[in-house]
2 protein chains.
Amino acid sequence: MAKIIKNTTPRQDGFYMPAEYAPQEKIWMIWPERPDNWRQGAKPAQAVYAEVAKAISVFTPVTMLASARQYQNCRCHLPEHIRVVEMSSNDAWCRDMGPTFLMNNQGERRACDWKFNAWGGLTDGLYFSWDADDLIAGKICELEGIDRYRLGNFVLEGGAFHVDGEGTVLTTKMCLLSSGRNPGLSKKQIEEKLCEYLNCEKVLWLKDGIDPDETNGHVDDVACFVRPGEVACIYTDDSSHPFYREAQEACRFLEEATDARGRKLKVHKVCLTKKPVLMEGAETIDVTGEAVERKNGELCIASYLNFLITNDGVIVPQYDDENDPLALHQIREIFPEKKVVGVRTREIVYGGGNIHCITQQQPLPLKQENK
Amino acid sequence: MAKIIKNTTPRQDGFYMPAEYAPQEKIWMIWPERPDNWRQGAKPAQAVYAEVAKAISVFTPVTMLASARQYQNCRCHLPEHIRVVEMSSNDAWCRDMGPTFLMNNQGERRACDWKFNAWGGLTDGLYFSWDADDLIAGKICELEGIDRYRLGNFVLEGGAFHVDGEGTVLTTKMCLLSSGRNPGLSKKQIEEKLCEYLNCEKVLWLKDGIDPDETNGHVDDVACFVRPGEVACIYTDDSSHPFYREAQEACRFLEEATDARGRKLKVHKVCLTKKPVLMEGAETIDVTGEAVERKNGELCIASYLNFLITNDGVIVPQYDDENDPLALHQIREIFPEKKVVGVRTREIVYGGGNIHCITQQQPLPLKQENK
């Protein structure tokens, strides 16, 4: 029913990763609960995850994974049309722990099940252990009857790369060349791995992300493809903004870049928050020694770019910041054909991510597989 | 996606329980693990559950539910074509904890989610607690996108009744009138509940089952429908057999009975084991105070009637008993159109049940529901 495919790669088998703007069958999320990462026993975060799930479900069915302990609580906080499925995890970032779904030209689906090590393992990972997280991609594939490539020796997270669905990968050197992931592999070897498993021809290497201490610079806070040949990128001309340098560099890089098909990219600039979002209420987070400690006043990684494109909708973070309406306006101009919906997600940022980080899309099959 | 239906009943909504011999989409099972019910850390039982799952999967897809702790071990003990899904439970009897699936004349599906209390609750239940078990039916329905009727105040297990799919229920007074289930309801009220929720017109009340101390006499060790108008029933003329009286009484009752359509039942007699199966190796079962203690030499409930009818197959218990071939022969004569397969399940009997007890069929929908 759901096999682990050995001895071949997606490229060899004719499977590639569809872009986020390709038709989606469902969105996977994981219900947050660990009290040593989330404020106030994760209750405020749970409320926001529920809001995100509801916003997505207008456009695409959502399945929320919840631990045995949290199953009933999760079930009663979500409307009936959102499916809740029991699954254990170490934390709640389905972009990074979930499978990377693939498709072939016949519309059949497979997936990549990357090794997950909590964004850096024992070198600079964010918690220990990550055993349950590393099983999630496989469990999802098994649930769905989708065969997968298991890369037990290659560490990667879904938030570390974007694809345009036409041969181009977008990522950052800060993340993919970090010492906590695949220190034994050269940049060239990592590039080959990406191209082989996402079935792409060209990797665009941004230099830095904006969260060196969290995910080591996941690209999904910085830039993404919005359609073939076009990207969105964070931007500010306020040189005092903490992300000024990274935003400026990323925009410049992308404005010079060409994709796998030789197109010069069109770059849509998206603002940053006017004021930096800083950690508050960290004293309500448990200290267990198993997760990186959060401190009041620390800079949080609030990026409007961490949105999810999901069928006819785009779900965009809002921070109660002066620039919230501007971000929505800019993103609406990028996607005139879609409904752009803001959700207030400051609480998720306090936990280290945002809407894109907590979701994973499963593409719509062109034909029905055996289940 | 999957709702709890309130204020109506299956009968009012036109849903009924299909017979076991109706077309099935899949079979649900639960991986055994509790060391205070199963011998030797449940390892021998796990091997036998795997054999049963493999035998079924020749005819019908199988999903095995396994706890987070046992997920990987379960996955590696089963062939890839058997789906493994994480789900917590207190023990491994999917007949009794799983949903009772219903169907309407358009081929849409729903389910009954009975209250489960470990076969008698605090009165004479077999373990404490049963909280995870009582959630299983709902979780399965949620996984499958199937709406359900939740009977939070009516205790029942799937092994306590059979239906012929044409208006008749078969059960036992010993079980359904037991003091640990629904002591506040009269026989008439229970009969009304069965008829309303299984959408039947007539209840055939056998007096006793053969396991008063386990399930209080589940009918699925005694008799079952094999097609409309025909039943199979345990039988022996050896008056020294421990189940002699119950088998004789059950056969006589059924030979006199008429079903909901007024047909006199044809009764197929199925032998019992030549020698009683007695508990062995109980010293390798943990004693925790949470589960009923098993003792060497106790009579085990070994019945050939606890088979599963599953599409073109019938999976039948075998006990390394002199009568094993006779039982297979008799059941083959009952089902000349099906493949009758024996599996050695002595180990499951040591845990308190058999093939029918550990399986639950999900009928094949006539049309595809929304998932």
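For the structure, check the block above.
This write-up is about the structure you can find in this document.

Basis of the calculations
- Sequence positions are assigned chain by chain, starting from 1 and proceeding in written order.
- Lettering of chains starts at A and numbering of ligands starts at 1, both following the order in which they are written.
- For this predicted model, a pLDDT threshold of at least 70 governs which residues receive local features, and a threshold of 80 or more governs which side-chain atom pairs are given and counted, while totals over whole chains, interfaces and linings are taken from all residues.
- Only hydrogens and water are set aside when side-chain values are computed; all heavy atoms of the structure are taken into account.
- Helix and strand labels come from DSSP, where a helix needs a run of H or I of at least four residues and a strand needs a run of E of at least two; each type is numbered from the N terminus.
- Each radius of gyration reported is based on C-alpha atoms, and the globular scaling rule is 2.2 Å times the count of residues to the power 0.38.
- The cut-offs for exposure are 20% and 50% of the maximum accessible area for each residue type, with area from a 1.4 Å probe on protein chains only; residues under the lower value are buried, those over the upper are exposed, and the others partly exposed.
- We call two residues in contact when some of their heavy atoms are within 4.5 Å.
- Using a 1.4 Å probe, the Shrake-Rupley method yields the accessible areas, and only the shown protein chains count as cover for residues.
- Pairing between two strands is assigned when DSSP locates at least 2 bridges connecting them.
- Crossover handedness is defined here as right-handed if the route from the first strand over the helix to the second strand goes clockwise, with the strands pointing away from the viewer.
- Contacts described as polar in this section are N or O atom pairs within 3.5 Å, which, within protein, must combine one atom able to donate a hydrogen with one able to accept it, while residues neighboring in sequence count only if both atoms come from side chains.
- Once two parts are brought into contact, the accessible area they lose, counted with a 1.4 Å probe and summed over both, makes up the buried area.
- The salt bridge criterion pairs a side-chain nitrogen of Lys or Arg with a carboxyl oxygen of Asp or Glu, the two atoms within 4 Å.
- Superposition of the copies used a least-squares fit over C-alpha atoms from residues whose pLDDT is at least 70 in both.
- To estimate how far a helix should reach, multiply one less than its number of residues by 1.5 Å.
- In this analysis an axis means a line fitted to C-alpha atoms, helices contributing only their contacting stretch, and an angle means the value between N-to-C directions, from 0 to 180 degrees.
- Residues belong to a common nonpolar core when they are buried Ala, Val, Leu, Ile, Met, Phe, Trp, Tyr or Cys residues joined through side-chain atoms within 4.5 Å.
- Disulfides are defined as cysteine sulfur pairs within 2.5 Å.
- Note on aromatic pairs: the rings of Phe, Tyr and Trp (six-membered ring only in Trp) are paired at centre separations within 6.5 Å, and the planes decide the class, stacked below 30 degrees, edge-to-face beyond 60, tilted for the rest.
- Working rule: Lys NZ or Arg CZ, within 6 Å of ring centre, within 35 degrees of ring normal, means a charge sits over the ring.
- Buried and open spaces are told apart on a 1 Å grid over the protein atoms alone, a cavity being a set of points where a 1.4 Å probe fits but cannot get out and a pocket being an open set with protein on both sides within 12 Å along at least five of seven lines. Residues with an atom within 4 Å of a point are the lining residues.
- Grid points are joined across faces, edges and corners, and a volume is the space filled by probe spheres set on the points.

**Re the overall build of chain A**
Argument step 1. When helices and strands are tallied, chain A shows eleven helices and 17 strands.
Argument step 2. Since a compact globule built from 371 residues should have a radius of gyration of about 21 Å, the 19 Å found for chain A is in line with a globular shape.
Argument step 3. When its C-alpha atoms are laid out on the principal axes, chain A stretches across 50 × 50 × 45 Å.
Argument step 4. Taken over 371 residues, chain A has a buried fraction of 64%.
Argument step 5. The contacts in chain A between residues at least 6 apart in sequence include a share of 74% that link residues at least 24 apart.
Argument step 6. Working note: accessible area of chain A is about 13500 Å², and carbon and sulfur atoms make up 48% of it.

**Focus on the pairing of strand β12 (residues 230-235) of chain A**
Residues and elements named next belong to chain A.
Argument step 1. Within β12, five of the six residues are buried, which leaves it mostly tucked inside the rest of the structure.
Argument step 2. In the sheet, strand β11 (residues 223-227) pairs with β12 via four bridges, with the strands oriented antiparallel. The residue of β12 that forms the bridge with Ala 223 is Cys 233.
Argument step 3. Linking β11 to β12, which pair antiparallel, is a turn of two residues; within it Gly 229 sits at a positive phi near 85°.
Argument step 4. Bridge count for β12 against strand β13 (residues 266-271) is six bridges, and the pairing is parallel. Across the sheet, the residue bridging to Val 231 is Val 267, located in β13.
Argument step 5. Between the parallel pair β12 and β13, the chain is carried across by helix α9 (residues 244-256), and the sense of this crossover is right-handed.

**Structural notes on the environment of Asp 320 of chain B**
Residues and elements named next belong to chain B.
Argument step 1. With respect to the element layout, Asp 320 can be found in the loop between β15 (313-318) and α10 (324-334).
Argument step 2. Separated by 26 residues in sequence, Asp 320 and Arg 346 place their C-alpha atoms 8.0 Å apart.
Argument step 3. A polar contact of 2.8 Å, which involves the side chain of Asp 320, links it to the side chain of Arg 344.

**Observations concerning the pairing of strand β10 (residues 202-206) of chain A**
All names here are of chain A.
Argument step 1. A large share of β10 lies buried, amounting to four of its five residues.
Argument step 2. Where strand β9 (residues 168-172) and β10 come together, five bridges link them in parallel fashion. Along β10, the bridge assignment pairs Leu 170 with Leu 204.

**With respect to the interface of chain A and chain B**
Interface size is commonly expressed as the accessible surface area that is lost when the partners come together.
Argument step 1. Taken together, the 23 residues of chain A in the interface contact 22 residues of chain B.
Argument step 2. Both faces considered, chain A and chain B share a buried interface measuring about 2100 Å² in area, 51% of it formed by carbon and sulfur atoms.
Argument step 3. Put simply, chain A and chain B have four salt bridges between them.
Argument step 4. Glu 142 of chain B is the partner of Arg 75 of chain A in a salt bridge, and the nearest nitrogen-oxygen pair spans 2.3 Å.
Argument step 5. Across the chain A-chain B interface, the total number found is twelve residue pairs in polar contact (both at pLDDT 80 or more).
Argument step 6. Put simply, the parts of the chain that give the side of chain A that touches chain B at least two residues each are α3 (71-77), β4 (83-86) and α6 (131-144) of chain A.

**Considering the relation of the copies chain A and chain B**
Argument step 1. Once chain A is rotated about the relating axis by 180° and shifted along it by 0.0 Å, it coincides with chain B to within an RMSD of 0.0 Å. Put plainly, the chains are arranged around a two-fold axis.
Argument step 2. A shared interface surface links the copies, since 96% of the contact residues of chain A are contact residues in chain B too.

**Details of helix α2 (residues 43-57) of chain B**
Argument step 1. An ideal rise of 1.5 Å per residue puts 21 Å on 15 residues; α2 of chain B measures up with 21 Å between its terminal C-alpha atoms.
Argument step 2. Along α2 of chain B, the positions that sit buried rather than exposed are Ala 45, Gln 46, Val 48, Tyr 49, Ala 50, Val 52, Ala 53, Ala 55, Ile 56 and Ser 57 of chain B.

**Quick word on the sheet that holds strand β14 (residues 308-310) of chain A**
Two pairing modes exist for strands in a sheet, parallel and antiparallel, and in both the strands are linked by backbone hydrogen bonds.
Residues and elements named next belong to chain A.
Argument step 1. Taken together, three strands build an open sheet; the order of strands is β14-β15-β16 and the sheet is mixed. Edge positions in the open sheet fall to β14 and β16 (339-344), since each of these has one partner strand only. On average, each strand axis in the sheet is tilted by 25° relative to the strand beside it, whichever way the strands run.
Argument step 2. Where β14 lies against strand β15 (residues 313-318), three bridges are found, and the strand directions are antiparallel. Note on β15: the bridge partner recorded for Thr 310 is Gly 313.
Argument step 3. Contacting β14, β15 and β16, helix α2 (residues 43-57) runs over the sheet at an angle of about 170° to β16.
Argument step 4. Running at roughly 160° to β15, helix α10 (residues 324-334) makes contact with β15 and β16 of the sheet.

**Looking at the nonpolar core**
Nonpolar side chains in soluble globular proteins generally cluster together in the buried interior.
Argument step 1. With 104 residues, the main nonpolar core has Met 29, Trp 93 and Tyr 127 of chain A together with Met 29, Trp 93 and Tyr 127 of chain B as its most contacted residues.
Argument step 2. What Met 29 of chain B contacts, discounting residues up to four positions off in sequence, is Tyr 49, Val 52, Ala 53, Ile 56, Val 62, Thr 63, Met 64, Leu 65, Cys 94, Ile 358 and Thr 359 of chain B.

**Quick look at the state of the cysteines**
Argument step 1. Counted according to the given criterion, the structure contains zero disulfides over all chains.
Argument step 2. The closest cysteine sulfur to the non-disulfide-bonded Cys 271 of chain A is located on Cys 251 of chain A, 12 Å from its own sulfur.
Argument step 3. For Cys 271 of chain A, a relative accessible area of 7% puts it in the buried group.
Argument step 4. Free of any disulfide, Cys 141 of chain B has its nearest neighbouring cysteine sulfur in Cys 112 of chain B, separated by 9.3 Å.
Argument step 5. Classification of Cys 141 of chain B as buried rests on a relative accessible area of 0%.

**Let's talk about the packing of aromatic side chains**
Residue and element names in this part refer to chain A.
Argument step 1. In total, this model carries 20 aromatic pairs over all chains according to the counting rule given.
Argument step 2. Members of the aromatic cluster, joined through ring pairs, are Trp 38, Tyr 49 and Trp 93.
Argument step 3. Between the NZ or CZ atom of Lys 269 and the centre of the ring of Tyr 235, over which it lies, the distance is 4.4 Å.

**Notes on empty space enclosed by the protein**
Argument step 1. Using the criterion set out here, one finds ten cavities of 30 Å³ or more in the structure.
Argument step 2. Taken together, 16 residues line the largest cavity, and the ones lying closest to its centre are Trp 93, Trp 119, Leu 126, Glu 214 and Gly 351 of chain A.

**Focus on α9 of chain A**
Residues and elements named next belong to chain A.
Argument step 1. With 13 residues, α9 should cover 18 Å at 1.5 Å per step; its first-to-last C-alpha distance of 19 Å lies within 8% of that length.
Argument step 2. Where α9 is concerned, the buried positions are Glu 246, Ala 247, Gln 248, Ala 250, Cys 251 and Leu 254.
Argument step 3. Buried-residue contacts for α9 involve β9, β10, β11, β12 and β13.

**Focus on the sheet that holds strand β1 (residues 15-16) of chain B**
Residues and elements named next belong to chain B.
Argument step 1. Taken together, four strands build an open sheet; the order of strands is β1-β5-β6-β7 and the sheet is mixed. For this open sheet the edge positions go to β1 and β7 (147-155), each flanked by a neighbour on one side alone.
Argument step 2. By the bridge criterion, four bridges tie strand β5 (residues 100-104) to strand β6 (residues 109-115) in an arrangement that is antiparallel. Among the inter-strand pairings, Thr 100 is bridged to a residue of β6, identified as Cys 112.
Argument step 3. With respect to the sheet, helix α8 (residues 187-198) is in contact with β1, β5, β6 and β7, its orientation differing from that of β7 by roughly 170°.

**Considering the pattern of salt bridges**
It is possible for side chains of opposite charge to pair when their charged atoms get near one another.
Residue and element names in this part refer to chain A.
Argument step 1. In the structure shown here, the tally under the stated rule is 62 salt bridges over all chains.
Argument step 2. The salt bridge involving Lys 115 is made with Asp 134; its shortest N-O contact spans 3.0 Å. Residue Lys 115 is found in strand β6 (residues 109-115), and its partner Asp 134 is found in helix α6; the two are separated by 19 residues along the sequence.
Argument step 3. Relative accessible area serves as the criterion here: at 25%, Lys 115 is assigned to the partly exposed category.
Argument step 4. Overlapping salt bridges bring together Asp 113, Lys 115, Asp 134, Arg 148 and Arg 150 as one network.

**Section: unusual backbone geometry**
Argument step 1. The amide bond that connects Phe 128 of chain A to the next residue, Ser 129 of chain A, takes the cis arrangement and shows omega of 0°.
Argument step 2. Note on placement: Ser 129 of chain A falls in the loop between α5 (121-124) and α6.
Argument step 3. Here the phi dihedral of Gln 40 of chain A falls at roughly 50°; this positive angle occurs in a residue that is not glycine.
Argument step 4. The topology assignment puts Gln 40 of chain A in the loop between β2 (24-30) and α2.
Argument step 5. Looking at Gln 40 of chain A, the relative accessible area reads 46%, which means it is partly exposed.
Argument step 6. The backbone phi angle of Asn 216 of chain B is positive, close to 60°, even though this residue is not glycine.
Argument step 7. For Asn 216 of chain B, a relative accessible area of 6% translates into the label buried.

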